[in-house]
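Here is what each chain is made of, one letter per residue.
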Number of protein chains: 2
Amino acid sequence: MSGPALDGLVEALRRLPGVGLKSAQRMAYHLLQHDRPGAGELAQALRAAVERVRHCERCHTFSESAVCATCRDPARDASLLCVVETPADQLALERSGGYRGLYFVLMGRLSPLDGIGVRDIGLAQLLQRVGEASVVEVVVATSFTAEGEATAHAIAEALRARGVRSTRLARGVPVGSELEHVDLGTLAQALNDRR
Amino acid sequence: MSGPALDGLVEALRRLPGVGLKSAQRMAYHLLQHDRPGAGELAQALRAAVERVRHCERCHTFSESAVCATCRDPARDASLLCVVETPADQLALERSGGYRGLYFVLMGRLSPLDGIGVRDIGLAQLLQRVGEASVVEVVVATSFTAEGEATAHAIAEALRARGVRSTRLARGVPVGSELEHVDLGTLAQALNDRR
Ligand SMILES: [Zn+2]
Ligand SMILES: [Zn+2]
């Protein structure tokens, strides 16, 4: 009963995280039956985002200008730099309300099995960022997974060699969980208890 | 930390059924961080579907040609016509494997509170379709909700006045549930037991 354009839409929707075949079909049917303007707007929004959303020159988070609003905010404490794996992790920390410093977003985390080493996650850029600015403390907020811990270890070693103080979010964040999914109170406390 | 293009993408994704703010953010971040080609393909697939997916002239289901593949299939039993509320309901019945007749897809269901009457759901087109073809029995497979039952009642009355036999899916489909979400075995049995 379907055709190539409808099948293609279902396939494309399945590339979204957390969307299986049935969800993708329901989404496609909903858009075609009840919200064709919404489909057009989503197509337009996707194109605009792919075109305009780049990475901040200073912290590498998503930004539509050369330097993001957080990096440009004079109310931020420039002596503190928090290292996260993804913009989603940064957003989770922002929402916790417990942090007023700046950020550095890695390009993922170490994963030797996938051939992803310190070079690939942007350690050199992090060290350059720490070197050029008034950073007193680096809060390493990578995930508390094996790969996140390995990343944190590599960063802490590199910073120690340069005489820069580094801390880690306090225990309190459940081991093995993704930062993005931790509740905000736990995140706020973990920021306070950083060691 | 975000900008208008990223915010716009999150807003557009929230229009998808079952997608809240957090899911939309996760989807947007995933596409921008890990799957920009996927974002472009989804935009293209949305445009293609909106442009090419129309409704079959005979049964009103989604079709990319004037008459859909089901209506054109000579192996289908043209003496049986199954009336459903949506293409999703049609797909669910097809998957049950219990039906080899043709379909007629209504434009929704009766909803007096929303001002949706028999005219709006396509009853006239259904009667025309029944009149012009070799239809012996109409299987009314609207949902077993108050509105779906009211729709079924209106259809059965109109068909009786024209001397056309109509049946309803057997009890067995849980009352109050949406057809789309019923398990396939129950659907197949309900088709067999239609009365
Ligand atoms: Zn920045
Ligand atoms: Zn058709």
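This structure is a prediction, so every number in the text was calculated from the model and none was measured.

Asks: What's the story with the coordination of the zinc ion (ligand 1) in this structure? I'm lost.
Replies: The textbook angles at a metal center are 109.5 degrees for a tetrahedron of four donors and 90 or 180 degrees for an octahedron of six. Residue and element names in this part refer to chain A. The coordination sphere of the zinc ion (ligand 1) contains the protein donors Cys-56 (SG), Cys-59 (SG), Cys-68 (SG) and Cys-71 (SG), at a distance range of 2.3 to 2.4 Å. Given 4 donor atoms and angles of 106 to 116° at the metal, the environment of the zinc ion (ligand 1) is assigned as tetrahedral. Taken in chain order, the donor set of the zinc ion (ligand 1) reads C-x2-C-x8-C-x2-C. Placement of Cys-56 in the loop between β1 (54–55) and β2 (62–63) and of Cys-68 in the loop between β2 and α4 (69–72) is noted, with a sequence separation of 12 residues between them. Cys-68 carries the same exposure label as Cys-56, and that label is buried.

Asks: I'm lost on the packing of aromatic side chains in this one. Help?
Replies: The geometry of an aromatic ring pair is captured by two quantities: the separation of the ring centres and the angle between the planes. Counted under the stated rule, the structure contains 4 aromatic pairs over all chains. Here Arg-168 of chain A stacks its cationic end above the ring of Phe-144 of chain A, 4.2 Å away from the centre of that ring.

Asks: Would you explain the pairing of strand β5 (residues 137–140) of chain B in this entry?
Replies: In the case of a regular strand, side chains alternate between the two sheet surfaces. All names here are of chain B. Residues of β5 alternate between two faces, with Glu-137 and Val-139 on one and Val-138 and Val-140 on the opposite face, all of them buried. As paired elements, strand β3 (residues 77–84) and β5 share 4 bridges and run parallel to each other. Following the sheet pairing, Val-83 is matched in β5 by Val-140. With 4 bridges joining them, β5 and strand β6 (residues 165–168) adopt parallel strand pairing. Looking at the pairing, Glu-137 lines up with Arg-165 of β6.

Asks: Is there a simple way to think about the sheet that holds strand β4 (residues 101–105) of chain A in this case?
Replies: Sheet strands associate in pairs through backbone hydrogen bonding, adopting either a parallel or an antiparallel arrangement. All names here are of chain A. The strand order across the open sheet formed by 4 strands is β4-β3-β5-β6, and the pairing between neighbours is parallel. Either end of the sheet is taken by a strand with one partner, and the two such strands are β4 and β6 (165–168). Across this sheet, the average inter-strand angle for adjacent strands is 30°, counted without regard to direction. Sheet topology note: the strand β3 (residues 77–84)/β4 ladder contains 5 bridges and is parallel. By the bridge assignment for β4, Cys-82 is matched with Tyr-103. The sheet contacts of helix α8 (residues 146–161) involve β3, β5 (137–140) and β6, and relative to β6 the element is tilted by about 165°.

Asks: Looking at this structure, how should I read the coordination of the zinc ion (ligand 2)?
Replies: Residues and elements named next belong to chain B. The protein atoms that coordinate the zinc ion (ligand 2) are Cys-56 (SG), Cys-59 (SG), Cys-68 (SG) and Cys-71 (SG), at distances of 2.3 Å. Seen from the zinc ion (ligand 2), its 4 donor atoms lie at angles of 106 to 116°, and the figure they make is tetrahedral. Binding-site remark: the zinc ion (ligand 2) is held by donors from one chain whose sequence spacing is C-x2-C-x8-C-x2-C.

Asks: I tried to follow the UniProt feature "zinc finger region: C4-type" (unreviewed entry) in chain A on my own but got confused; where do I start?
Replies: Listed under "zinc finger region: C4-type" (unreviewed entry) in the UniProt record, and renumbered for this structure, are residues 56–71 of chain A. Secondary structure across residues 56–71 of chain A divides into 19% helix and 12% strand, with the first and last C-alpha atoms of the span separated by 8 Å.

Asks: What is the right way to read the confidence of the model for chain A from this model?
Replies: Detailed reading of predicted coordinates is not advised where the pLDDT is low. All names here are of chain A. Within chain A, residue pLDDT values average 89, and 97% of them lie at 70 or more. Put simply, helix α9 (residues 184–192) is where chain A has its lowest mean pLDDT, 79, and helix α3 (residues 36–52) is where it has its highest, 97. Reported confidence for the predicted complex is 0.80 by ipTM and 0.78 by pTM.

Asks: When you look at the interface of chain A and chain B in this model, what are you seeing that I'm missing?
Replies: With 54 residues of chain A at the contact, the number on the chain B side is 54 residues. On the surface where chain A and chain B come into contact, there are 4 salt bridges. Put simply, Arg-15 of chain B and Asp-35 of chain A hold a salt bridge, and the shortest N to O gap is 2.8 Å. The tally of links between chain A and chain B comes to 16 residue pairs in polar contact (both at pLDDT 80 or more).

Asks: Explain the relation of the copies chain A and chain B to me, please; I cannot follow it from the model alone.
Replies: The relation between the two chain copies is a rotation about an axis coupled with a shift along that axis. Take chain A, turn it by 180°, move it 0.0 Å along the axis, and it overlays chain B with an RMSD of 0.0 Å. Within this description, the copies of the chain are treated as partners about a two-fold rotation axis. It is Ala-43 of chain A whose C-alpha, among those of chain A, lies nearest the rotation axis, at 2.0 Å. Most of the interface of chain A is mirrored in chain B: 100% of its interface residues are interface residues there too.

Asks: How should the domain arrangement of chain A be read in this particular structure?
Replies: How big an interface is tends to be stated in terms of accessible area lost as the parts join. The domain architecture assigned to chain A consists of domain 1 (4–52) and domain 2 (55–168). If you average the C-alpha positions of domain 1 of chain A and of domain 2 of chain A, the two centres end up 33 Å apart.

Asks: What am I meant to see in the environment of Leu-80 of chain B here?
Replies: Residue and element names in this part refer to chain B. Note that Leu-80 resides in strand β3. The spacing of Leu-80 and Glu-149 is 69 residues in sequence and 20 Å in space, taken between C-alpha atoms. If we ignore the near neighbours within four places in the chain, the residues touching Leu-80 are Tyr-99, Gly-101, Leu-102, Glu-137, Val-139 and Arg-194.

Asks: For this particular structure, what's the right way to read helix α2 (residues 21–34) of chain B?
Replies: Under the 1.5 Å per step criterion, the end-to-end length of α2 of chain B is 20 Å for 14 residues, consistent within 8% with the ideal 20 Å. Restricting attention to buried positions, one finds in α2 of chain B the residues Ala-24, Gln-25, Met-27, Ala-28, Tyr-29, Leu-31 and Leu-32 of chain B.

Asks: Is there a simple way to think about the environment of Pro-112 of chain A in this case?
Replies: Residues and elements named next belong to chain A. Structurally, Pro-112 is set in the loop between β4 and α6 (118–121). Assessed through its relative accessible area of 71%, Pro-112 is described here as exposed. Here the alpha-carbon distance between Pro-112 and Val-67, two residues 45 residues apart in the chain, equals 31 Å.

Asks: I keep staring at the sheet that holds β5 of chain B and nothing clicks. Help me out?
Replies: Residue and element names in this part refer to chain B. Strand order across the open sheet formed by 4 strands is β4-β3-β5-β6, with parallel pairing between neighbours. Each edge of the open sheet is held by one strand with a lone partner, namely β4 (101–105) and β6. Strand-to-strand twist of the sheet, defined as the mean angle between neighbouring strand axes without regard to direction, takes the value 30°. Where helix α5 (residues 87–96) meets the sheet, its contacts fall on β3 and β4, and the angle it forms with β4 comes to roughly 160°.

Thresholds, definitions, all that
- Residues numbered from 1 in each chain as written.
- Chains lettered and ligands numbered in written order.
- Predicted model: local features only at pLDDT ≥ 70, side-chain atom pairs only at ≥ 80, totals over all residues.
- Heavy atoms only, no water.
- Donors = N, O, S within 2.8 Å, 3.2 Å for Na, K, Ca; no water.
- Tetrahedral: all angles 85-135°; square planar, octahedral: opposite > 155°, others 65-115°.
- Helix = DSSP H or I, 4+ residues; strand = E, 2+ residues; numbered from the N terminus.
- Buried < 20%, exposed > 50% of the residue type's maximum accessible area, 1.4 Å probe, protein only.
- Phe/Tyr/Trp six-rings, centres within 6.5 Å; stacked < 30°, edge-to-face > 60°.
- Lys NZ or Arg CZ within 6 Å of the ring centre and 35° of its normal.
- Pairing = 2+ DSSP bridges.
- Axes fitted to C-alpha atoms, helices over the stretch in contact; angles between N-to-C directions.
- Contact = heavy atoms within 4.5 Å.
- UniProt positions renumbered as here; feature names shortened; annotations may be inferred.
- pLDDT = per-residue confidence, 0-100.
- Salt bridge = Lys/Arg side-chain N within 4 Å of Asp/Glu carboxyl O.
- Polar contact = N/O pair within 3.5 Å; in protein donor to acceptor, adjacent residues only side chain to side chain.
- Least-squares fit on C-alpha atoms with pLDDT ≥ 70 in both.
- Domains from an automatic or database assignment.
- Expected span 1.5 Å × (residues − 1).

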